[in-house]
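Commentary on secondary and tertiary structure
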Amino acid sequence: MVDIASRTPVIGTAYPKVDGVDKVTGRARFGADVHLPGMLHGKLLRSPYAHARIVSIDTSAAEALPGVGAVITGDDFPLLPPGTTVPIGALRLDLYRISRLVIAREKVLFEGHPVAAVAATSMAIAERAIDLIKVEYEVLPHVLDEVEAMAPGAPLLHDDLFTSGLGETPDKPSNVALHLEMGRGDVEQGFKDADVVVEHSFKTESVHQGYIEPEAETAWWRTDRLTIWADTQGIFGLRAQLATFLGAPLNFLKVIPMEVGGGFGAKSALRLAPISAGLSRKSGRPVRTVLSRDEVLRATGPGVKTTTAVKVGATKDGVITAIDARMIYNAGALPGSPLAGGTLVGFSPYQTENLRIIGYDVVTNRPKVAAYRAPGGPPITFAVESVMDEVAEKLGIDKLQFREKNATKTGDRGPNDLTFNRIGLETVLESVKNHSAWNSDLPAPRSGGKVGRGLGLGYWRGGTNTSSCSLTVQADGSISVVIGSVDLSGARTAFTQITADEFEIPAEIVHVEMGDTDTVGYTDGSGGSRVTYVTGAAVHNACRNALQVLRARAADTLDVTPEVVDYQEGVFTARDIPGREVTLSELASASVRGAGVISVTGTASGMEPAPSFTAHIADVEVDEDTGKVQVLNYTVFEDVGKAINRDGVEGQIQGGVAQGIGWALHEAYIYDEAGRMTNPSLLDYRMPTALDLPRIRTELIEVPASDGPYGVRGVGEVPIVPPAGTLANAIYDATGVRMDRLPMSPENVFLVTRNAERANWLSMDVTQDGAAMTVVGVDIPEDE
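Residues numbered from 1 in each chain as written. Predicted model: local features only at pLDDT ≥ 70, side-chain atom pairs only at ≥ 80, totals over all residues. Heavy atoms only, no water.

Looking only at helices and strands, one finds 20 helices and 30 strands in the protein chain. Here the C-alpha radius of gyration of the protein chain, 27 Å, is about what a compact globule of 784 residues would show, namely 28 Å. Overall size of the protein chain, expressed as C-alpha extent along the three principal axes, is 85 × 75 × 55 Å. Residue burial in the protein chain is summarised as follows: out of 784 residues, 61% are buried. Sequence separation of 24 or more characterises 78% of the internal contacts of the protein chain that already satisfy a separation of 6 or more. Surface summary for the protein chain: the accessible area is close to 28800 Å², and the carbon and sulfur share equals 50%. (Helix = DSSP H or I, 4+ residues; strand = E, 2+ residues; numbered from the N terminus. Rg over C-alpha atoms; globule rule 2.2 N^0.38 Å. Buried < 20%, exposed > 50% of the residue type's maximum accessible area, 1.4 Å probe, protein only. Contact = heavy atoms within 4.5 Å. Areas by Shrake-Rupley, 256 points an atom, 1.4 Å probe, with all protein chains shown as cover.)

With that out of the way, let us pick up the pattern of salt bridges. In total, this model carries 50 salt bridges according to the counting rule given. Glu569 is the salt-bridge partner of Arg7, the closest N and O atoms lying 3.9 Å from each other. Of this pair, Arg7 sits in the segment before α1 (20-25) while Glu569 is found in the loop between β22 (565-568) and β23 (571-574), placing the two residues 562 residues apart along the sequence. A relative accessible area of 37% means that Glu569 is categorised as partly exposed. One salt bridge connects Glu430 with Lys433, and the closest N-O pair in it is separated by 3.4 Å. Here the residue Glu430 and the residue Lys433 both occupy positions in helix α13 (residues 425-433), the gap between them amounting to three residues, near one helical turn. Residue classification places Lys433 among the partly exposed residues on the basis of a relative accessible area of 34%. One salt-bridge network, held together by shared partners, links Asp19, Lys23, Glu259, Asp487 and Arg492. (Salt bridge = Lys/Arg side-chain N within 4 Å of Asp/Glu carboxyl O.)

Time to look at the pairing of strand β27 (residues 629-639). A regular strand places its side chains on the two faces of the sheet in alternate fashion. Taking burial as the measure, the eleven residues of β27 include nine buried ones, the bulk of the element. Across nine bridges, the pairing between strand β26 (residues 612-622) and β27 is antiparallel. When the sheet's bridge partners are listed, Val620 is paired in β27 with Val631. Hairpin connection from β26 to β27: six residues lie between these consecutive antiparallel strands, with Gly627 at a positive phi of about 85°. Note that β27 and strand β28 (residues 696-701) share six bridges and pair parallel. Bridge assignment links Glu638 to a residue of β28, and that residue is Leu700. Since β27 and β28 lie parallel, the crossover through helix α18 (residues 646-665) that links them has a hand, and here it is right-handed. (Pairing = 2+ DSSP bridges. Right-handed = clockwise from strand over helix to strand, strands pointing away.)

It is worth spelling out the environment of Ala668 at this point. Locating Ala668 in the fold gives a position in the loop between α18 and β28. C-alpha separation for the pair Ala668 and Ser206, spaced 462 residues apart in sequence, amounts to 5.6 Å. Here Ala668 is in contact with Glu205, Ser206, Val207, Asn679, Tyr685 and Pro743, once residues within four sequence places are set aside.

Now for the packing of aromatic side chains. With the rule as written, the count across this model stands at 13 aromatic pairs. Feature note: the residues Phe264, Tyr372 and Trp663 constitute an aromatic cluster, connected by ring pairs. The positively charged end of Lys311 is found above the aromatic ring belonging to Phe191, 4.4 Å away from the centroid. (Phe/Tyr/Trp six-rings, centres within 6.5 Å; stacked < 30°, edge-to-face > 60°. Lys NZ or Arg CZ within 6 Å of the ring centre and 35° of its normal.)

This part is about the side chain of Ser276. Take Ser276: it is sitting in helix α8 (residues 273-283). A distance of 2.9 Å separates polar atoms of two side chains, one belonging to Ser276 and the other to Thr289. Contacts of Ser276, omitting those with residues within four sequence positions, involve Glu217, Thr218, Ala219, Val287, Arg288 and Thr289. (Polar contact = N/O pair within 3.5 Å; in protein donor to acceptor, adjacent residues only side chain to side chain.)

Among the residues making up helix α4 (residues 123-132), those that are buried are Ile125, Ala126, Ala129 and Ile130. What you see down the axis of α4 is that its buried residues fit within an arc of 145°, all on one side. (Arc of directions from axis to C-beta.)

Once that is clear, we can look at the packing of helix α11 (residues 377-395) against helix α12 (residues 399-406). Two elements in contact, α11 and α12, have axes whose closest approach is 9 Å; the angle formed by their N-to-C orientations is 110°. The orientation of α11 with respect to α12, classified from their angle, is roughly perpendicular. Across from Glu385, Met388, Asp389, Val391, Ala392, Glu393 and Leu395 in α11, the residues of α12 making contact are Lys399, Phe402 and Arg403. Residue composition of the contact of α11 with α12, grouped by class: five nonpolar, no polar and five charged. (Axes fitted to C-alpha atoms, helices over the stretch in contact; angles between N-to-C directions. Parallel < 35°, antiparallel > 145°, perpendicular 65-115°, else oblique. Nonpolar A, V, L, I, M, F, W, Y, C, P; charged D, E, K, R; others polar.)

Let us look at the nonpolar core. Leu226, Ile228, Leu471, Phe503 and Phe572 are the most contacted members of the largest nonpolar core, which has 99 residues in total. It is helix α16 (residues 531-558) that contributes the most residues to this core, 14 residues altogether. For Leu226, the contacting residues outside a window of four places in its chain are Ala219, Trp220, Trp221, Leu242, Leu246, Phe252, Leu253, Lys254 and Ala277. With 95 residues, the next largest nonpolar core counts Leu339, Leu355, Leu400 and Ala734 among its residues. (Core = buried A, V, L, I, M, F, W, Y, C linked by side-chain atoms within 4.5 Å.)

What follows concerns unusual backbone geometry. With an omega dihedral of 0°, the bond running from Leu742 to Pro743 counts as a cis peptide bond. As for its position among the elements, Pro743 is in the loop between α19 (723-735) and α20 (746-754). Non-glycine residue Arg373 carries a positive phi angle of around 40°. On the basis of relative accessible area, Arg373 is assigned to the buried category, the value being 6%.

Okay, the sheet that holds strand β17 (residues 355-363) next. Spatially, five strands are ordered β9-β17-β16-β15-β10 in an open sheet, and the strand pairing comes out mixed. With partners counted over all chains shown, the strands left at the sheet margins are β9 (176-184) and β10 (196-204), one partner each. The sheet shows a mean angle of 5° between the axes of neighbouring strands, direction not considered. Pairing of strand β16 (residues 320-332) with β17 involves nine bridges; the strand directions are parallel. Looking at β17, one finds that Ala325 is bridged to Ile357.

With respect to topology, three strands assemble into an open sheet ordered β22-β23-β24, the strand pairing being antiparallel. The open sheet has two edge strands, β22 and β24 (581-583), and neither has a second partner. Taking the axes of each pair of neighbouring strands and ignoring which way they run, one obtains an average angle of 20° across the sheet. On the sheet, helix α17 (residues 584-595) packs against β22, β23 and β24 and is oriented at approximately 65° with respect to β24.

In this section: the pairing of strand β1 (residues 40-46). Most of β1 is tucked away: seven of the seven residues are buried. Residue alternation in β1 divides its side chains into two sets, Leu40, Gly42, Leu44 and Arg46 and His41, Lys43 and Leu45, and both sets are buried. One ladder, built from three bridges, connects β1 with strand β14 (residues 287-290); its direction is parallel. Among the inter-strand pairings, Gly42 is bridged to a residue of β14, identified as Thr289. Across six bridges, the pairing between β1 and strand β7 (residues 114-120) is antiparallel. Note on β7: the bridge partner recorded for Arg46 is Pro114.

What follows is the structure in structure tokens.
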């Protein structure tokens, strides 16, 4: 029997991570930990060129090498027709193009693009076989920059890519996949009504999510079933994509999630699973493919590179009269940059009657970009927050008060004209105003540099879609829960807390684990800050469903109707009938002795968004002799709705800020003239270490969301949004110079502080006429 006398509520506490011991002892199994009988090792041959036509591939020597079990090229997979798509949540993925990203067909589109793959009995033999494959290329001109890719005469990546969003299909293909326009009001009149107008352009570089694991996936293709051990954020999304890619029915595939050592949105599309599956089918043996760190950086989806321009007008009393923006987002080799997300993230914190946003999704000879925590948000927010700070300064208005005056409130419209449900930005800003992080004196410099303080805001809409779980009451009264979501950052702990508090039992007798595509109902991917919000609602619903079953059985036992059965801390009682009770443990025991197993499901779908807003404050010290920026203090004020696990929430926020600081100050993809990445290692790709980071303080603000149990909001995305803008504003406060490019590395800070004239990265009058673009190019070399 289960003892529940010691039960204490756990929601809102810092309950220890239930998978923590497994993670720190090495017992947790990640993608590279899969070992199966007779398993072969997969290895990819990648293009050495940024853009080239494949003339021929000769694999005969590799196939003849002893120990090689299979060699595949693009010809070993079905040829998907143009327009083949797969519905994933609210999106439709273009699998026709994704299939050409997984393995090249007629052309290679970036350095590192997979061309062929081998499976062998050892990695050494696999690497030797790769060297034996002969590929003849016709090298083509390449283009890496998004602005240059839009120019007339730029190298064309896809001769079947025509700009969408213009109404009519253009006559000629181009590198512009999407032309987006949105807004409201009369922007020109809004600027006429303004007393101050500020306009600037900005440039940011590609950055990587920085997983702590090597990407790895294993496939075993048998006659009746294909099983995938997946490094993925969504098992059902992966199954749907792979089934379409292979031309197989969904129930032929079984996807088992492994522990994920970092995803951040980038492990949703097909990557390695088709390669391992193709090699397994051809060899008849299980195949595990593990990428090196070089491959991960060089050839998997980084965060987006951008060129943007933002113009803001305001009256002398601080009311924003107009916002105008141009956003050119670099999608990499295939269409699909996070342009749409950027339009919402960048402009949702502020209200204006006159708004215009024009954006372009542009393909270049780089790896296809992938989501990276609030995809599309950090680059445009860097631009917006920098301009907002300058507008406030020119008006002589306190920068916090300027934001308060124009801040979005419950019931206001977003950039897409949809109305915000309950949000907490006002409360966030009120907390900032009363906090020492904002109203205290600047700290003393630590190294003789100049010190400044910056403020920035951030927003994320919050993901929704569908989640499922199953829940079983075991014979001793303990609870087992199987979730359809991949646990990226403590979901099992949060759902343990929810289940324990709903059943009013100790959390120690609740067990939550990830299911596979055979054992749990359809669940959308773990991303968009939706897991605790939506899957948490599914778990909550499953608990209520199970308690309803238990209450009915208790009513039969107590000879009353279910309506008069009360439940508290493991005991069902008949209302107003003293002494008539039955325990959860007794009902659980009876469930396996003829009363019927208590096993239920829980689903959640169609929930309202739960938007998250945040404000960040940073103190920095800038060494003007070297350009080095040291972050002295960093404080986050975030509306989390309700913190289910306080340590987990704080850890998510601190992790997002750490990545945001890396994006802002250190990280960038660097290419040579041939289109080859020159820093594909963690030695040369400069991610921040503990020595680069300050103590990150968090102030959790709890304004309940409009939907879902407990008022929970997702917290994973929004912390990465403000750091770049916040730090840029702090650097300005210290030096009097505004940064217009990321990263704000020592080299770039030194360059800009020595050159008061800002770069003109992009003109506000960028236009498109068919495939031709009128743009203002870069006038400071990127490698400076």
